[in-house]
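Structural overview for review
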Amino acid sequence: CALPIYPLEIISEYGADSLRFSLVTGNSAGNDMRFSNKKVEAARNFCNKVYNASRFVLMNIGDEAVGEIDMSALDIADKWILHRLNTIAKEVSQNMDNFDLNVACQKVYDFIWTEFCDWYIEMAKPRLYGEDESAKANVKAILVRVLGDSMKLLHPFMPFITEEIWQALPHEGEYLIRAQWPEYREELNFKADETAMEAVKDAISAVRARRAEMNVPP
């Protein structure tokens, strides 16, 4: 027979957020699921990804005051990430209203891991390390906005790590659970820029794949 599962032991090894997240992802309402330590471990890896991304943002803003985003100075990458965040906020809100928690959870996961961490942070680095102070200030404001709103969207599924990160970011209010939920804003609808950015991503991915196939050094 199957061995009993003790939640406190799982939490002790992987963390409460990891257990909570693993029970929501990949499981639709009304269905039974087989418990897997590998899913909890994968959720813990996601926690590490979120933590490392937040540490990068906090390290780069330091003790400086972060201003508002200059909408007139956005480049294609900025518009793309703001558009994607805006879209995800709308879709996740709809999923939550319909109690499609697993779908909402997966969308937040994909946005944070792939679009924010793997793509936008890398595209932001040249400006963060560049000499243009106005460009540097604007990308810092965008990083703080995207990370802060991402923590709000992730908070129902991972309440502990998101609260800790949000408290370290510039914010208004006492607790994340009482913060304003991200809402769709029409002025952040940059559909044309999203399409253009996806073409750029496809080109980069194709070059990386060919480089790997031909063993070309980075």
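The preceding data block contains the structure.
Residues numbered from 1 in each chain as written. Predicted model: local features only at pLDDT ≥ 70, side-chain atom pairs only at ≥ 80, totals over all residues. Heavy atoms only, no water.

What about the layout of surface pockets?
Computed from the structure, the largest pocket encloses a volume of approximately 510 Å³. If you go around the largest pocket, you meet 17 residues; those closest to its centre are Arg145, Lys152, Pro170, His171 and Glu172. No other element matches helix H6 (residues 133-154), which puts 6 residues into the lining of the largest pocket. Considered as a void within the structure, the second largest pocket measures approximately 190 Å³ in volume. Each residue belonging to the lining of the second largest pocket can be placed in one class, and the counts come to 6 nonpolar, 2 polar and 5 charged. (1 Å grid on protein atoms, 1.4 Å probe; cavity = no way out; pocket = protein on both sides within 12 Å on 5 of 7 lines; lining within 4 Å. Points joined across faces, edges and corners; volume = space filled by probe spheres on them. Helix = DSSP H or I, 4+ residues; strand = E, 2+ residues; numbered from the N terminus. Nonpolar A, V, L, I, M, F, W, Y, C, P; charged D, E, K, R; others polar.)

A look at the pattern of salt bridges
In this structure the tally under the stated criterion is 14 salt bridges. In this structure, glutamate 115 engages arginine 84 in a salt bridge whose closest nitrogen and oxygen atoms are separated by 2.7 Å. In this pair, glutamate 115 is assigned in helix H5 (residues 101-128) and arginine 84 in helix H4 (residues 76-97), connecting sequence segments 31 residues apart. Each member of the pair, glutamate 115 as well as arginine 84, is classed as buried. The shortest N-O distance in the salt bridge between aspartate 149 and lysine 152 comes to 3.7 Å. With aspartate 149 and lysine 152 both in helix H6 and 3 residues apart, this pair spans about one turn of that helix. (Salt bridge = Lys/Arg side-chain N within 4 Å of Asp/Glu carboxyl O. Buried < 20%, exposed > 50% of the residue type's maximum accessible area, 1.4 Å probe, protein only.)

Structural notes on the side chain of threonine 162
Relative to the assigned elements, threonine 162 resides in helix H7 (residues 159-168). Polar contacts involving the side chain of threonine 162 include one to the main-chain carbonyl oxygen of proline 159, which spans 3.2 Å. Those residues in contact with threonine 162, other than ones at most four positions away along the chain, are Met151, Leu154, His155 and Leu176. (Polar contact = N/O pair within 3.5 Å; in protein donor to acceptor, adjacent residues only side chain to side chain. Contact = heavy atoms within 4.5 Å.)

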